[in-house]
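Chain residues, written in single-letter form:
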Amino acid sequence: ELADMGDIYENEAFSSYRPAVSTTVLPSLLPHGAGLRFAEEVRVLTAVRENPKKPFVVIMGGAKVEDKLPVIAVLARNADAVLIGGKLVAEIREENIQLPKNVLVGKLNEDGFDIAPETVDAWKDLIFKAAMIVWNGPLGKFEDPKNDQSAKIAQMVLESGAEIVVGGGDTLSLLGGLELLGEYEEKGFVSVGGGAMLKLLADGTLPTIEVLS
């Protein structure tokens, strides 16, 4: 019924990456293509995965280690450093996950809701020397103003001069709350996909890309 209403299918919904009628069935019924934003997401994130600028630094926070571990493993192959914060720190330690030497798991503060100030200090040089920085996931419970280390990292990333790629709904909420999102959009690339960004970085493709091929 949807296909009968149109002549061409154009996918501009990069963040909707799981198989669904609207994104993976319609292209089989109509002439189809990628929307401009969809194509730009794929171009930028594929370049991050396959040919990042060096020195290359990845910042990974938030939670759900099972979702982010495949991405960490892939990006660590080309990264000079992968910096881990947020709830991922506790999850990695609880599960005793072994990581490559260039994956640096931050230290949390006493209550466990933010990275410790000494972690920010230890990461500072890596961030300022980077030519490319990819960031997905806040590094603490940023909704509480006392947990301000993510804000310090956000400012460092902006001041680094690196090519910036950021994504994830919580990351964008953090930057919006800090009134820095506009600057990130001016100076870098802000992905509209959280899960889609991680999935593309981990696998190199998405079901929605495959059907357009």
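All values reported here derive from a predicted model rather than from experimental measurement.

Student: Quick rundown of the nonpolar core? Include the residues and the values.
Tutor: Counting residues in each nonpolar core, the largest one holds 67 residues, and the members touching the most others are I59, I84, I127, W135, I153, V157 and Y184. Ranked by residues supplied to this core, first place goes to helix α9 (residues 195-203) with six residues. Non-local contacts of I153, meaning those with residues more than four positions away in its chain, are made with I59, I115, V120, W123, I127, W135 and L139.

Student: Would you mind going over the pattern of salt bridges in detail, with residue names and values included?
Tutor: According to the stated counting rule, one finds seven salt bridges in the structure shown. Close ionic contact of E118 with K107 constitutes a salt bridge, the shortest N to O distance being 3.0 Å. Pair noted here: E118 is in helix α5 (residues 117-129) and K107 is in the loop between β5 (103-105) and α5, with a separation of eleven residues, a long-range link. Look at E118 and you get partly exposed, because its relative accessible area is 41%. One salt bridge connects K146 with D111, and the closest N-O pair in it is separated by 3.6 Å. Taken as a pair, K146 in the loop between β6 (132-136) and α6 (149-159) and D111 in the loop between β5 and α5 lie far apart in primary sequence, 35 residues in all.

Student: Report on the side chain of K68, specifying residues and quantitative values.
Tutor: When you line up the elements, K68 lands in helix α3 (residues 65-76). Buried charge K68 goes without a salt bridge, the closest partner of opposite sign being D170 at 7.1 Å. Not counting residues within four places of it along the chain, the set of residues in contact with K68 comprises M60, G61, G62, A63, L88, N136, G137 and L198.

Student: Explain α9 residue by residue, including any values.
Tutor: Buried residues of α9: A196, M197, L198, L200, L201 and A202, and no others. Looking at the buried positions of α9, the neighbouring elements they touch are α2 (36-50), β3 (56-60), α3, β6, β7 (163-167) and α10 (207-212). At the C-terminal side of α9, G204 shows a positive phi close to 85°.

Student: Go over the environment of T46, please, and point to the residues and values.
Tutor: With respect to the helices, strands and loops of the structure, T46 is situated in helix α2. Between the C-alpha atom of T46 and that of G204, which follows or precedes it by 158 residues, the distance is 6.7 Å. For T46, the side chain forms a polar contact with the main-chain oxygen of V42, separated by 2.6 Å.

Student: How would you summarise the packing of aromatic side chains if you had to cite specific residues and measurements?
Tutor: The way to describe two aromatic rings as a pair is by their centre distance and the angle between their planes. Under the criterion given, the structure shown has one aromatic pair. Centroid distance F14 to F38: 5.8 Å. Interplanar angle 75°. Geometry classified as edge-to-face. Pair noted here: F14 is in the loop between β1 (9-11) and α1 (21-25) and F38 is in helix α2, with a separation of 24 residues, a long-range link. Its relative accessible area of 1% is what places F14 among the buried residues. Overall, F38 belongs to the buried group, its relative accessible area being 2%. Seen from the ring of F113, K141 lies directly overhead, with NZ or CZ sitting 5.1 Å from the centre.

Student: Before we move on, can you summarise the pairing of β3 with the specific residues and values?
Tutor: Sheet faces and side chains relate simply in a regular strand, where the side chains alternate between the two faces. Within β3, five of the five residues are buried, which leaves the element mostly enclosed by the surrounding structure. Here β3 shows no split at all, with F56, V58 and M60 on one side and V57 and I59 on the other all buried. Pairing between β3 and β6: five bridges, direction parallel. Among the inter-strand pairings, M60 is bridged to a residue of β6, identified as N136. With α3 bridging β3 and its parallel neighbour strand β4 (residues 81-84), the resulting β-α-β unit is right-handed.

Student: Mind laying out the sheet that holds β5, listing which residues take part and the relevant values?
Tutor: One open sheet holds the six strands; their spatial order is β5-β4-β3-β6-β7-β8, and the pairing between them is parallel. The open sheet has two edge strands with one neighbour each: β5 and β8 (189-190). Bridging between β6 and β7 involves five bridges; their strand directions are parallel. Pairing of N136 across the sheet is with G167, part of β7. Sheet strands in contact with α6 are β3, β6 and β7, and its direction is about 150° off that of β6.

Rules and cut-offs
- Residues numbered from 1 in each chain as written.
- Predicted model: local features only at pLDDT ≥ 70, side-chain atom pairs only at ≥ 80, totals over all residues.
- Heavy atoms only, no water.
- Core = buried A, V, L, I, M, F, W, Y, C linked by side-chain atoms within 4.5 Å.
- Buried < 20%, exposed > 50% of the residue type's maximum accessible area, 1.4 Å probe, protein only.
- Helix = DSSP H or I, 4+ residues; strand = E, 2+ residues; numbered from the N terminus.
- Contact = heavy atoms within 4.5 Å.
- Salt bridge = Lys/Arg side-chain N within 4 Å of Asp/Glu carboxyl O.
- Lys, Arg positive; Asp, Glu negative; His and termini not counted.
- Polar contact = N/O pair within 3.5 Å; in protein donor to acceptor, adjacent residues only side chain to side chain.
- Phe/Tyr/Trp six-rings, centres within 6.5 Å; stacked < 30°, edge-to-face > 60°.
- Lys NZ or Arg CZ within 6 Å of the ring centre and 35° of its normal.
- Pairing = 2+ DSSP bridges.
- Right-handed = clockwise from strand over helix to strand, strands pointing away.
- Axes fitted to C-alpha atoms, helices over the stretch in contact; angles between N-to-C directions.

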